[in-house]
Amino acid sequence: MAEAPTCSCGQNEKKRIIFPCAGQANTGQLTNLAAIQLTEEGYGSIACVALLAIGSEGLVRNAKAADEVVVLDGCPMLCAKKIAEAQGVPVGQHLIMTELGITKGPSKNYTQDDVEKIVAACWKGEGRTKKAATPGKKTGGKDNGCGCGCDGTC
């Protein structure tokens with residue numbers, strides 16, 4: 001389920017980076033499984049939060065340049081979000097598995113339905129921060145964010 005119609009020229013497709021906390025509990029493991037599925041579905045690209053934590057220059061640069069950074073945290077410790085913020089990476093969408101009704105427990109205590117719940121929440125835009133349209137992008141009066149100059153007609 002796409003959140004907005006895709007421009008035929010491809011210019012208004014968001015470039016997302018997904019950082020799962022990938023913690024040892026079931027909720028952390030679910031973030032990784034959901035991020036893999038979201039990547040396979042074309043929602044964004046999974047990236048390593050541990051690499052972000054050590055300040056990998058290339059990853060930090062790419063994350064800051066992305067249209068949106070999605071952080072999936074397993075629990076209220078918010079490890080992945082804190083790592084992103086410590087590197088100055090703005091978080092555009094943040095989901096916490098325990099707030100989605102998933103009880104934290106042993107690492108293999110989850111179902112495919114739990115993964116689907118997280119994936120669906122991402123596609124629905126849950127946990128998304130509101131921000132203004134990117135400066136310099138034409139909107140054609142439709143706030144579609146397409147920057148190709150089609151004025152929202154393609």
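The shown structure was predicted, so the numbers you read here are calculated from the model rather than taken from an experiment.

**Quick look at the overall build of the protein chain**
Per the secondary structure count, the protein chain includes five helices and four strands. Listed N to C, the secondary structure of the protein chain is β-α-β-α-α-β-α-β-α in terms of helices and strands. A buried classification covers 40% of the 154 residues belonging to the protein chain. Contacts in the protein chain between residues at least 24 apart in sequence constitute 65% of all its contacts with a sequence separation of at least 6. Entry remark: accessible area of the protein chain is about 8400 Å², with carbon and sulfur atoms responsible for 52%.

**Here's the deal with the packing of aromatic side chains**
Using the criterion set out here, one finds one aromatic pair in the structure. When the centroid spacing of 4.7 Å and the interplanar angle of 70 degrees are considered together, the rings of Tyr43 and Trp123 count as edge-to-face. With Tyr43 in the loop between α1 (26-40) and β2 (45-46) and Trp123 in helix α5 (residues 112-124), the pair connects residues that are 80 residues apart, well separated along the chain. The exposure class assigned to Trp123 is buried, which follows from its relative accessible area of 14%.

**Points about the sheet that holds strand β1 (residues 16-20)**
Here we have four strands laid out as an open sheet, ordered β2-β1-β3-β4, and parallel in their pairing. Among the strands making up the open sheet, the edge pair consists of β2 and β4 (93-96). In terms of strand pairing, β1 meets strand β3 (residues 68-73) through five bridges, oriented parallel. In the strand pairing of β3, Ile18 is matched with Val70.

**Side note on the pairing of β4**
Side-chain alternation along β4 places Gln93 and Leu95 on one buried face and His94 and Ile96 on a second face that is also buried. Between β3 and its parallel partner β4, the chain crosses via helix α4 (residues 79-86), and the hand of that crossover is right-handed.

**Details of helix α3 (residues 57-65)**
Residues Leu59, Val60 and Ala63 constitute the buried set of α3. One side of α3 carries all its buried residues, which in axial view fall inside an arc of 100 degrees. When the buried face of α3 is taken as reference, the exposed residues oriented beyond 90 degrees from it are Glu57, Arg61 and Ala65. In this structure, the buried residues of α3 make contact with β1, α2 (49-53) and β3.

**Notes on the side chain of Asp73**
Summarising the element assignment, Asp73 is placed in strand β3. At 3.3 Å, the side chain of Asp73 forms a polar contact with the backbone nitrogen of Cys79. Here the side chain of Asp73 touches Ala80 through a polar contact of 2.8 Å, landing on its backbone nitrogen. Leaving out residues up to four positions away in the same chain, Asp73 has contacts with Cys21, Thr31, Leu78, Cys79, Ala80, Lys81, His94, Leu95, Ile96 and Met97.

**A look at the environment of Val89**
With respect to the helices, strands and loops of the structure, Val89 is situated in the loop between α4 and β4. As a C-alpha pair, Val89 and Asn62 span 27 residues in sequence and 9.5 Å in three-dimensional space.

**Side note on unusual backbone geometry**
Phi is positive for Ala22, which is not a glycine, with a value near 55 degrees. Position of Ala22 among the secondary structure elements: in the loop between β1 and α1. According to the relative accessible area criterion, Ala22 is partly exposed, its value standing at 38%. You will see that Leu78, though not glycine, has its phi angle at about 55 degrees, which is positive. As for its placement among the helices and strands, Leu78 is situated in the loop between β3 and α4.

The rules we used
Residues numbered from 1 in each chain as written. Predicted model: local features only at pLDDT ≥ 70, side-chain atom pairs only at ≥ 80, totals over all residues. Heavy atoms only, no water. Helix = DSSP H or I, 4+ residues; strand = E, 2+ residues; numbered from the N terminus. Buried < 20%, exposed > 50% of the residue type's maximum accessible area, 1.4 Å probe, protein only. Contact = heavy atoms within 4.5 Å. Areas by Shrake-Rupley, 256 points an atom, 1.4 Å probe, with all protein chains shown as cover. Phe/Tyr/Trp six-rings, centres within 6.5 Å; stacked < 30°, edge-to-face > 60°. Pairing = 2+ DSSP bridges. Right-handed = clockwise from strand over helix to strand, strands pointing away. Arc of directions from axis to C-beta. Polar contact = N/O pair within 3.5 Å; in protein donor to acceptor, adjacent residues only side chain to side chain.

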